Amino acid sequence: MLRKKLEKLFEGLYILKGSIFESFNEKGLDGLLDKPRGGAPRVFTDEQRKEIIKIALSHPRDLNLPFTNRSLSKLRDYLTNGR
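Bear in mind the structure is a predicted one, so any value in this text is a computation, not a measurement.

Engineer: If you had to explain the overall build of the protein to someone new, which residues and values would you point to?
Structural biologist: Each helix and strand counted, the protein has 4 helices and 0 strands in total. Counting from the amino terminus, the protein carries its helices and strands in the arrangement α-α-α-α. For the protein, the proportion of its 83 residues judged to be buried stands at 11%. Sequence-distant contacts, at least 24 apart, represent 12% of the contacts inside the protein between residues at least 6 apart. Carbon and sulfur atoms make up 57% of the accessible area of the protein, which totals about 7,500 Å².

The following block contains the structure:
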């Protein structure tokens, strides 16, 4: 019943109508894990990603910055121009 509701909701999307359900039925929860894909290599290491997230979640005043609002451009400037 749930599958029929999902299929109706996402009508036309092969990914829900076929591959995900088939993979889940064959492999259980492991079938929902991402498979390795091609593409460009990662730009940042896991440690760098953690640090970027930590900085992005910090309040600007905690980083000794002279403003109280956050923005992507300010985050980019902070990360690229040194701390």
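Don't stop here, the text continues.
Engineer: Describe the layout of surface pockets, naming the residues involved and giving the relevant values.
Structural biologist: In this structure, the largest pocket spans a volume of roughly 190 Å³. For the largest pocket, the lining is made up of 10 residues, of which I20, G31, L32, L33 and K35 are closest to its centre.

Engineer: I'd love a proper account of the environment of H59, names of residues and values included.
Structural biologist: Turning to its location among the elements, H59 is positioned in the loop between helix 3 (46-57) and helix 4 (72-80). Spatially, the C-alpha atom of H59 lies 8.4 Å from that of N69, the residues being 10 residues apart in sequence. Within the structure, H59 has its side chain in polar contact with the backbone nitrogen of R61 (distance 3.1 Å).

Engineer: So what's going on with the environment of L72? Which residues, and what values?
Structural biologist: If you trace the backbone, L72 turns up in helix 4. On a C-alpha basis, the gap between L72 and A56 in space is 8.8 Å, while along the polypeptide they are 16 residues apart.

Engineer: Quick rundown of a nonpolar patch on the surface? Include the residues and the values.
Structural biologist: Together, I20, F24, L29 and L32 give the surface a local cluster of nonpolar side chains, amounting to about 370 Å² of exposed area. Relative to the assigned elements, L29 resides in the loop between helix 2 (14-27) and helix 3.

About the criteria used
- Residues numbered from 1 in each chain as written.
- Predicted model: local features only at pLDDT ≥ 70, side-chain atom pairs only at ≥ 80, totals over all residues.
- Heavy atoms only, no water.
- Helix = DSSP H or I, 4+ residues; strand = E, 2+ residues; numbered from the N terminus.
- Buried < 20%, exposed > 50% of the residue type's maximum accessible area, 1.4 Å probe, protein only.
- Contact = heavy atoms within 4.5 Å.
- Areas by Shrake-Rupley, 256 points an atom, 1.4 Å probe, with all protein chains shown as cover.
- 1 Å grid on protein atoms, 1.4 Å probe; cavity = no way out; pocket = protein on both sides within 12 Å on 5 of 7 lines; lining within 4 Å.
- Points joined across faces, edges and corners; volume = space filled by probe spheres on them.
- Polar contact = N/O pair within 3.5 Å; in protein donor to acceptor, adjacent residues only side chain to side chain.
- Patch = residues over 30% accessible without salt bridge, like charges linked within 9 Å, V, L, I, M, F, W, Y side chains within 5 Å.
- Salt bridge = Lys/Arg side-chain N within 4 Å of Asp/Glu carboxyl O.

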